[in-house]
Amino acid sequence: MTTTGLVPLPPRPPTSPRPERAPDAYLPMQQVTEQIAFLPDGWDAERRQKVRELFDGLAPEWHTRGGPDRVAPTVDALERGGVPAGGVALEIGSGTGLQTPPLAERFDYVVSVDLAAAMLALAERRTGVGLVRADASRLPVGPASADVVVCVNAFLFPDEYARVLRPGGRVVFVSTSGDQTPIYLAPEKVVAALAPALGGAHAVTSKCGHGSWTVVARAEHGAPDCPR
Ligand SMILES: C[S@@+](CC[C@H](N)C(=O)[O-])C[C@H]1O[C@@H](n2cnc3c(N)ncnc32)[C@H](O)[C@@H]1O
């Protein structure tokens, strides 16, 4: 039997006004994000190439998107989302590593995965963090090898994350600009995409500053599926 629940926690309000974004700056990528999460053909070779070229091109200016406000939702998700410290975390779509420091502090080992070589080339080398160029739809790690899969502004590949996540593990999905984040799924959609693949799940969600997050916990006794 699969069980699913989504519990909202109180928001932590922003301390500054939210910078407004024009919908055409985020809606097209939100559609792509939804297709990838829900459609079997949502991710193909043509889309992979376009996405890789897009982010290789954005890499030189990506550092301008850093800062404490952008990391706060990730820290909040780990803390209030009840993510156990220690173990192995896979950081999906790690970019230039702006979100890696709180992960490196919390987990024993972090594997930061990105499709775009130009992004990884700009990431700081840190003890306890491996940088891997790979496509998150086919991760170069074994079944049930990760305690946590972390996606900060990164695509959800439900079957692949279910393959690599151990029973009792967590998927952490963070959107640093909330529902104006280009790579964004509403919390209900994060759960709807992951729960069938995980064989049931419980989730908590909240907002922190301008960001939002959802942490999905796989059942401790659920056998990991290994769909490929
Ligand atoms: C919006 S950026 C987020 C970067 C970083 N997490 C941050 O918040 O600063 C999305 C990142 O995901 C990477 N990406 C996109 N598709 C991917 C895939 N299939 N596998 C691995 N990385 C991917 C991109 O290259 C890009 O670096």
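No experiment lies behind these values; they were computed from the predicted model shown.

Caption draft 1: Unusual backbone geometry, seen in detail. The backbone of A144 sits at a positive phi, close to 55 degrees, despite the residue not being glycine. Here A144 is to be found in the loop between β4 (129–133) and β5 (146–152).

Caption draft 2: A look at the nonpolar core. One finds L90, V149, V150, C151, L156, V172 and L194 to be the most contacted residues of the largest nonpolar core, which totals 55 residues. Residue contributions to this core peak at seven residues, all from helix α7 (residues 187–198).

Caption draft 3: Structural detail: helix α3 (residues 68–80). Between its first and last C-alpha atoms α3 spans 17 Å; for 13 residues at 1.5 Å apiece the expected length is 18 Å, and the two agree. Taken together, the buried positions of α3 are occupied by V71, A72, P73, T74, D76, A77 and L78. Looking at the buried side of α3, the elements it contacts are α4 (100–106), β5, β6 (165–175), β7 (201–208) and β8 (211–218). Phi for G82, located one or two positions after α3, is positive at around 70 degrees.

Caption draft 4: Expanded view of the sheet that holds β8. With mixed pairing, the eight strands of this open sheet are ordered in space as β1-β7-β8-β6-β5-β2-β3-β4. Sheet topology places β1 (4–8) and β4 at the edges, where each strand pairs with a single neighbour. Direction aside, neighbouring strands of the sheet carry axes that sit 20 degrees apart on average. Packing of α3 onto the sheet brings it into contact with β5, β6, β7 and β8, and relative to β8 it is tilted by some 30 degrees. Where α7 meets the sheet, it contacts β1, β6, β7 and β8, and its direction lies at approximately 20 degrees from that of β8.

Caption draft 5: A look at the pairing of β1. The element β1 is largely exposed, with a buried count of zero among its five residues. Relative to β7, β1 runs parallel, the two sharing five bridges. Bridge pairing in β7 links T4 to A201.

Caption draft 6: Seen up close, the site of the ligand. By nearness alone, 21 residues border the ligand, and F55, G93, G95, A116 and A136 come closest of all. When contributions to the shell around the ligand are tallied by element, the ones reaching two or more residues are α2 (45–58) and β3 (109–114). Looking at side-chain class alone, the shell around the ligand contains 12 nonpolar, six polar and three charged residues.

Caption draft 7: Main features of the confidence of the model for the chain. Looking at the chain, the pLDDT average stands at 94 and 95% of residues meet or exceed 70. Long-range and interchain partners of residues 223–228, a stretch whose pLDDT sits below 50, account for 16 contacts in this model, where long-range means more than four residues apart.

Caption draft 8: Highlighting the environment of G97. Within the secondary structure layout, G97 lies in the loop between β2 (88–92) and α4. Spatially, the C-alpha atom of G97 lies 17 Å from that of L54, the residues being 43 residues apart in sequence. For G97, the residues in contact, after removing those within four places along its chain, are S112, A123 and E124.

Caption draft 9: Seen up close, the pairing of β5. The element β5 is extensively covered by neighbouring structure, given that seven of its seven residues are classed as buried. Where β2 lies against β5, four bridges are found, and the strand directions are parallel. The residue of β5 that forms the bridge with I92 is C151. As paired strands, β5 and β6 are joined by six bridges and run parallel to one another.

Procedures and definitions
- Residues numbered from 1 in each chain as written.
- Predicted model: local features only at pLDDT ≥ 70, side-chain atom pairs only at ≥ 80, totals over all residues.
- Helix = DSSP H or I, 4+ residues; strand = E, 2+ residues; numbered from the N terminus.
- Core = buried A, V, L, I, M, F, W, Y, C linked by C-beta atoms within 7 Å.
- Buried ≥ 20, exposed ≤ 12 C-beta atoms within 10 Å, placed from the backbone.
- Expected span 1.5 Å × (residues − 1).
- Contact = placed C-beta atoms within 7 Å.
- Pairing = 2+ DSSP bridges.
- Axes fitted to C-alpha atoms, helices over the stretch in contact; angles between N-to-C directions.
- Near = placed C-beta within 6 Å.
- Nonpolar A, V, L, I, M, F, W, Y, C, P; charged D, E, K, R; others polar.
- pLDDT = per-residue confidence, 0-100.

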